[in-house]
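# Breakdown of the fold
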Amino acid sequence: QVQLVESGGGLVQPGGSLRLSCAASGFTFSSYAMSWYRQAPGKARELVASISATGGFTNYADSVKDRFTISRDNAQNTAYLQMNSLKPEDTAVYYCNANRRAGTPGPALYSWGQGTQVTVSS
């Protein structure tokens, strides 16, 4: 019954921006940290960014720090990832999931959604 629906991906040139959305349902959204992950072709899924349940704490992978911003709107049960200064190595399918905390968030709690494709290419 938990649903995680990612959207907002697309094709952009290097240096461009995208804003991803994660619409969540089937659990108490405001009680959980949320994270964004990505998986490039032939690579393992990796954690990109996390945000605490109230939005007061965030963390980021070093590879995206100072370029990406995670946020959430608990009234809308939605998490976001603002991606700026995109690089070809950001190309991946991006997924969201819930965690028990944002710092060292531990495992994803729910089944994965469909993800949203981000392609950064000249």
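First, a word on scope: everything that follows refers to the structure included in this document.

The rules behind the values
Residues numbered from 1 in each chain as written. Predicted model: local features only at pLDDT ≥ 70, side-chain atom pairs only at ≥ 80, totals over all residues. Heavy atoms only, no water. Phe/Tyr/Trp six-rings, centres within 6.5 Å; stacked < 30°, edge-to-face > 60°. Buried < 20%, exposed > 50% of the residue type's maximum accessible area, 1.4 Å probe, protein only. Core = buried A, V, L, I, M, F, W, Y, C linked by side-chain atoms within 4.5 Å. Helix = DSSP H or I, 4+ residues; strand = E, 2+ residues; numbered from the N terminus. Pairing = 2+ DSSP bridges. Salt bridge = Lys/Arg side-chain N within 4 Å of Asp/Glu carboxyl O. Disulfide = S-S within 2.5 Å.

Our next topic: the packing of aromatic side chains. Across all of its chains, the model carries 5 aromatic pairs by this definition. With a centroid separation of 6.3 Å and 50 degrees between ring planes, the pair formed by F27 and F29 is classed as tilted. Per residue, the accessibility class of F27 equals that of F29, and both read buried. Ring centres of Y37 and W112 lie 5.0 Å apart, and the angle between their planes is 85 degrees; this geometry places the pair in the edge-to-face category.

Moving on, we get to the nonpolar core. Grouped together as the largest cluster of nonpolar side chains are 27 residues, with contacts concentrated most on M34, W36, V48, F68, L81, M83 and Y94. Listing elements by their share of this core, those giving two or more residues are β3 (18–25), β4 (33–39), β5 (46–51), β7 (68–73), β8 (78–83), β9 (92–99) and β10 (116–120).

Below, the discussion takes up the pairing of β8. As a general feature of sheets, a regular strand has side chains that alternate between the two faces. Burial within β8 is extensive, with 5 of its 6 residues counted as buried. Pairing analysis gives 6 bridges linking β3 to β8, with the strands arranged antiparallel. Bridge pairing in β8 places S21 opposite Y80. Across 6 bridges, β7 lies against β8 in antiparallel orientation. Considered in β8, the bridge of I70 is made with L81. Linking β7 back to β8 in an antiparallel pair, the connection comprises 4 residues, with N77 at a positive phi of about 50 degrees.

Inspection of the entire model under this criterion finds 4 salt bridges. Between E46 and R38 there is a salt bridge, and its shortest N-O distance comes to 2.7 Å. Note that D90 is salt-bridged to R38, the shortest N-O span being 2.9 Å. In this pair, D90 is assigned in the loop between β8 and β9 and R38 in strand β4, connecting sequence segments 52 residues apart. The pair formed by D90 and R38 is uniform in burial state, with each residue classed as buried. Members of the salt-bridge network, linked through shared partners, are R38, E46, R67 and D90.

In this section: the state of the cysteines. A covalent bond between the sulfur atoms of two cysteines is what we call a disulfide. According to the stated counting rule, one finds 1 disulfide in the structure shown. A sulfur-sulfur separation of 1.9 Å characterises the disulfide bridge that pairs C22 with C96. What sets the handedness of the C22 and C96 disulfide is the S-S torsion sign, and at about 70 degrees it is right-handed. Within this pair, whereas C22 is found in strand β3, its partner C96 is found in strand β9, the two being separated by 74 residues in sequence. For the pair formed by C22 and C96, the shared burial category is buried.

Honestly, it's all geometry; don't read function into it.
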